[in-house]
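If you want the building blocks of each chain, they are given just below.
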Amino acid sequence: MIVRHPAFRGGKSCRALTSHIDVAPTLVAFTGMPSDTRASITGPNVKGSSFAHLLARPERAEINAIREAALFNYAMLLYYDSERMLAEFETMRERGVAAAEMHRHAAALQPDLNLRGAIRSVFDGRYRFSRYFALAHFNEPTTLADLLANNDVELYDLYSDPGEMNNLAAQSSVHGELMMEMNAKLTRLMRNEVGNDDLSSLPFVDGRLQFHFNGHA
């Protein structure tokens, strides 16, 4: 992220971890308003933290000055059977199927929720830990056995492996303790920044994916 502000000298770097949810509190802090006024603007449920106070001496900031880790939370439905779905719709386009009929077909399609396409990932400044799981099997593992049974797992040490070529999770007997430490960080961030991790955030009713089209394009 690049910050340009007349109050701060340029040409400096800051290694403190931040997240996109820290941007809004930071922009509000740049206004210079009193803290109680800023709090009334961001609201009581804001999850991020301002890093504006670090910019006077950004080079002195510790890596965890703002947060212990940054969260990546993703469950994109297009990932589920995407190649099959795209191929079907391309065939229908070639046959001149009307857009309204294609939308009816899309509404009838149901993704395979047993595929491990949901992603939960965390980066603490050194280690990147990710687990991939099926929407049909939402889980919050508390043991290494549960983690490995219900997730595909990645763990990288970006100090020694910045290209993320060596997956430490492939050696769970060696790195199991570290995997669970990172898993705990991930769980804390999910609870603090997201809340309940379940299908309620996705458009499912009675276990079926719901579609609504505002127009036919």
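Residues numbered from 1 in each chain as written. Predicted model: local features only at pLDDT ≥ 70, side-chain atom pairs only at ≥ 80, totals over all residues. Heavy atoms only, no water.

**Some remarks on the pairing of strand S3 (residues 127–133)**
Walk down a regular strand and you will see the side chains alternate between the two sheet faces. Threshold: Buried residues are those whose accessible area, probed at 1.4 Å on protein chains only, stays under 20% of the maximum for their type, while exposed residues exceed 50% and partly exposed ones sit between those limits. Strands are runs of DSSP state E lasting at least two residues, helices are runs of H or I lasting at least four, and both sets are numbered from the N terminus onward. Should DSSP find at least two bridges between two strands, the strands are taken to pair.
Among the 7 residues in S3, 5 count as buried, and that is most of the element. Sheet topology places strand S2 (residues 118–123) next to S3; 6 bridges connect them, and they run antiparallel. Looking across to S3, one finds that Arg120 is bridged to Arg131. Between S2 and S3, which follow one another and run antiparallel, lie 3 residues, and Gly125 among them has a positive phi close to 100 degrees. Relative to strand S4 (residues 152–157), S3 is paired through 6 bridges, and the arrangement is antiparallel. Bridged to Ser130 within S4 is Glu154.

**A few points about the environment of Phe129**
Filter applied, for reference: The criterion used for residue contact is that any of the two residues' heavy atoms lie within 4.5 Å.
Looking at the element boundaries, Phe129 is found in strand S3. The buried category is assigned to Phe129, whose relative accessible area is 0%. Along the primary structure Phe129 and Val153 are separated by 24 residues, whereas in three dimensions their C-alpha atoms are 7.5 Å apart. With sequence-adjacent residues up to four places away left out, Phe129 is seen in contact with Arg120, Ser121, Val122, Leu147, Val153, Glu154, Leu155, Met179, Met182, Asn183 and Leu186.

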